[in-house]
Amino acid sequence: MFIATLIAMDLPKGEVSAARDRLDKAGCLPVAQVWVEHGEAIDLQFGRDPAAARAALEGQGYDVVVQPAEHRRKKLIVADMDSTMITVECIDELADYAGIKAQIAAVTEAAMRGELDFGEALDARVALLKGLEESVIDRCLAERVKIMPGAKALVRTMRGWGASAILVSGGFTRFAEPVAAEIGFTRAIANVLEIADGKLAGTVTKPIVDASTKLATLSEAVLDLGLSPAETLAVGDGANDLAMITQAGLGVAYHAKPVVAAAAGARIDHGDLSALLFAQGIARRDWAVS
């Protein structure tokens, strides 16, 4: 059995029956429907061909998550940070304090689209920040870094039923560690900005946290926790998240770059991160207070 969850702040009137009709026409054998949250999220249960179901349901102006009914409630979440768990790219915001945001942001965007080698692009951008006062990091954290809507509810609710939560970022520990603590992650993994005489040295400690690190983090956690891959959720927005997204039980592209959205098993284009609680069948009344 499979489930297609339709998610929107206000699902269009008549859309549920229209979606069932599209599933039927696609040969997916729809059998039942159950509201997760009335007016916002509904499960359409069906019997076969999840790929055809996704093709039939996406593109209607709301989010759709199609997955097997088994192991729907996940026991591990591995998440990206920048533009996923927080609303900004930290390196771009640091660059703004240095007066070179446009220059660095263009490289960030290209790297996230998968057009540049992530490690080389990171080294090049960090080198441009050499000499920036270390104190700017804390200032940036306080002034620019905002938690993504739905992040706390998602992670804290999952932790409440015993799931593990790992933040793994191609960004920097000076941001990832406090962000992880605020949201409720079990631990954080990120790059270390090197400091010399109270200023950024223009380098990061090697090896760089990249796509392979993210995949290894997911794979190692599965082994350590004795889980099956089907019990895992991975979420991110950039090309360096693709490896973990494609290997997780539910791999989610969150307001993602096109290369990620095209390859992920699910995508959230409209809602916030709380959509991933609806996707796991959790009504608002059961969310952790965020």
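Residues numbered from 1 in each chain as written. Predicted model: local features only at pLDDT ≥ 70, side-chain atom pairs only at ≥ 80, totals over all residues. Heavy atoms only, no water.

Points about the overall build of the chain
Okay, so step 1: Within the chain one finds 12 helices and 12 strands.
Okay, so step 2: Seen through its C-alpha atoms, the chain measures out along the principal axes to roughly 65 × 35 × 30 Å.
Okay, so step 3: Residues classed as buried in the chain amount to 53% of the 290 residues present.
Okay, so step 4: Contacts in the chain between residues far apart in sequence, at least 24 positions, make up 67% of those at least 6 positions apart.
Okay, so step 5: By element, 51% of the accessible surface of the chain is carried by carbon and sulfur atoms, the whole surface being about 12,100 Å². (Helix = DSSP H or I, 4+ residues; strand = E, 2+ residues; numbered from the N terminus. Buried < 20%, exposed > 50% of the residue type's maximum accessible area, 1.4 Å probe, protein only. Contact = heavy atoms within 4.5 Å. Areas by Shrake-Rupley, 256 points an atom, 1.4 Å probe, with all protein chains shown as cover.)

Structural notes on helix 6 (residues 135-143)
Every α-helix winds through 3.6 residues per turn, so residues three or four apart in the chain are directed the same way.
Okay, so step 1: Among the residues making up helix 6, those that are buried are V136, I137 and C140. Down the axis of helix 6, the buried side of the element spans an arc of 105°, and every buried residue falls inside it. Turned more than 90 degrees away from the buried face of helix 6 sit S135 and A142, all of them exposed.
Okay, so step 2: In the core, the buried residues of helix 6 are packed alongside helix 3 (90-97), helix 8 (173-183), strand 8 (193-196) and strand 9 (199-204). (Arc of directions from axis to C-beta.)

A short note on unusual backbone geometry
Okay, so step 1: Omega for the bond connecting K206 with P207 falls within 30 degrees of zero, at 0°, which places this linkage in the cis form.
Okay, so step 2: For P207, the position within the fold is in the loop between strand 9 and helix 9 (211-225).
Okay, so step 3: A positive phi angle, near 60°, is found at D49, a position not held by glycine.

Focus on the packing of aromatic side chains
Okay, so step 1: In total, this model carries two aromatic pairs according to the counting rule given.
Okay, so step 2: Their ring planes at 25° and their centres at 5.6 Å tell us that F2 and F46 sit as a pair that is stacked. Taken together, the residues F2 in strand 1 (residues 2-7) and F46 in strand 3 (residues 41-46) connect sequence positions 44 residues apart. Across the pair, F46 and F2 agree in class, each one buried.
Okay, so step 3: Seen in terms of ring centroids, F278 and W287 are 5.2 Å apart; in terms of plane orientation they differ by 50°. Their pairing is tilted. (Phe/Tyr/Trp six-rings, centres within 6.5 Å; stacked < 30°, edge-to-face > 60°.)

Digging into the pairing of strand 7 (residues 187-191)
The side chains of a regular strand alternate between both faces of the sheet.
Okay, so step 1: Bridging between strand 6 (residues 164-172) and strand 7 involves four bridges; their strand directions are parallel. Residue pairing across strands places L167 opposite A188, the latter belonging to strand 7.
Okay, so step 2: The parallel pair strand 6 and strand 7, bridged by helix 8, forms a crossover whose chirality is right-handed. (Pairing = 2+ DSSP bridges. Right-handed = clockwise from strand over helix to strand, strands pointing away.)

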